[in-house]
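Observations on chain architecture
Spelled out from the first residue to the last, the chains are:
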Amino acid sequence: MKINVSQIPFEGQVLEETISPRSLELETDEVKFRGNLRVRAIISKITNAVTIDADLSAPVRMHCSRCLADVDTDFKKKLKLNYQVPSNQQTIDIDQDIREEIILDYPVNPLCKPDCKGLCPRCGAALNEGGCTCGST
Ligand SMILES: [Zn+2]
Ligand SMILES: [Zn+2]
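These notes cover the structure that comes with them.

**Things to note about the overall build of the protein**
Check the secondary structure of the protein and you find one helix and seven strands. Ordered by position from N to C terminus, the α and β elements of the protein give β-β-β-β-β-β-β-α. On the principal axes, the C-alpha backbone points of the protein span a range of 70 × 25 × 20 Å. Split into buried and exposed, the 137 residues of the protein put 13% on the buried side.

**Some remarks on the nonpolar core**
Core analysis: the largest hydrophobic core is formed by 15 residues, its most contacted members being Met 1, Val 39, Ala 41, Ile 52, Ala 54, Ile 94 and Ile 98. At the level of secondary structure, the elements contributing two or more residues to this core comprise strand E4 (37-46), strand E5 (49-63) and helix H1 (95-104). When residues of this core are assigned to their parent elements, the largest contribution, five residues, is made by E5. Excluding residues within four positions of it along the chain, Ile 52 makes contact with Ala 41, Ile 43, Leu 81 and Ile 94.

**A word on unusual backbone geometry**
Phi at Thr 47 takes a positive value of approximately 45°, unusual for a residue other than glycine. Structurally, Thr 47 is set in the loop between E4 and E5. Of the residues examined, Thr 47 has 8 C-beta atoms within 10 Å and is grouped as exposed. With a phi angle near 70°, Leu 68 is a residue other than glycine that sits in the positive phi range. Note on placement: Leu 68 falls in the loop between E5 and strand E6 (70-84). According to the C-beta neighbour criterion, Leu 68 is partly exposed, with 13 such atoms within 10 Å.

**Quick word on the environment of Ala 49**
Here Ala 49 shows up in strand E5. On the basis of neighbour count, Ala 49 is assigned to the exposed category, with 11 C-beta atoms found within 10 Å. Along the sequence, Ala 49 and Leu 104 sit 55 residues apart, while their C-alpha atoms lie 25 Å from each other. Excluding residues within four positions of it along the chain, Ala 49 makes contact with Asn 82 and Gln 84.

**Description of the environment of Ile 92**
Tracing the sequence through the fold places Ile 92 in strand E7 (residues 91-93). Residues Ile 92 and Val 108 lie 16 residues apart in sequence; the distance between their C-alpha atoms is 31 Å. Discounting chain neighbours no more than four positions away, the residues touching Ile 92 are Ile 3, Val 5, Val 50, Tyr 83 and Val 85.

**Considering the environment of Lys 2**
Structurally, Lys 2 can be placed in strand E1 (residues 2-4). Spatially, the C-alpha atoms of Lys 2 and Leu 15 are 9.7 Å apart, while their sequence positions differ by 13 residues.

Criteria and cut-off values
Residues numbered from 1 in each chain as written. Chains lettered and ligands numbered in written order. Predicted model: local features only at pLDDT ≥ 70, side-chain atom pairs only at ≥ 80, totals over all residues. Helix = DSSP H or I, 4+ residues; strand = E, 2+ residues; numbered from the N terminus. Buried ≥ 20, exposed ≤ 12 C-beta atoms within 10 Å, placed from the backbone. Core = buried A, V, L, I, M, F, W, Y, C linked by C-beta atoms within 7 Å. Contact = placed C-beta atoms within 7 Å.

Below, the structure written as structure tokens:
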């Protein structure tokens, strides 16, 4: 999302944009996107200080760290960005700052449910579904 600093009105401005996760290189081995990242930004400017309150959301798919099942969830995050903009600068590009904030917030050990029983250590069956027949549990 690029913000044209000289066009921010006195009363502030709301910008909405959808960004392809590929263009921001948001996907990792653990986190895949099922759709675009949506950004809604409330922008205000006082002299040369620009403040951006952004709401981010994106449908993502992760894998449960215990049973490896797909976990589809909506990634959501609110963030505030502040910029000091020199008077000769016309635009700010906030994409890289958004990217960093998103990647910082990826869950380390996602779970399909808080009490996921994981996989049987002997036969590998998904214990949530009671699939183990080896008798180790
Ligand atoms: Zn699980
Ligand atoms: Zn088993």
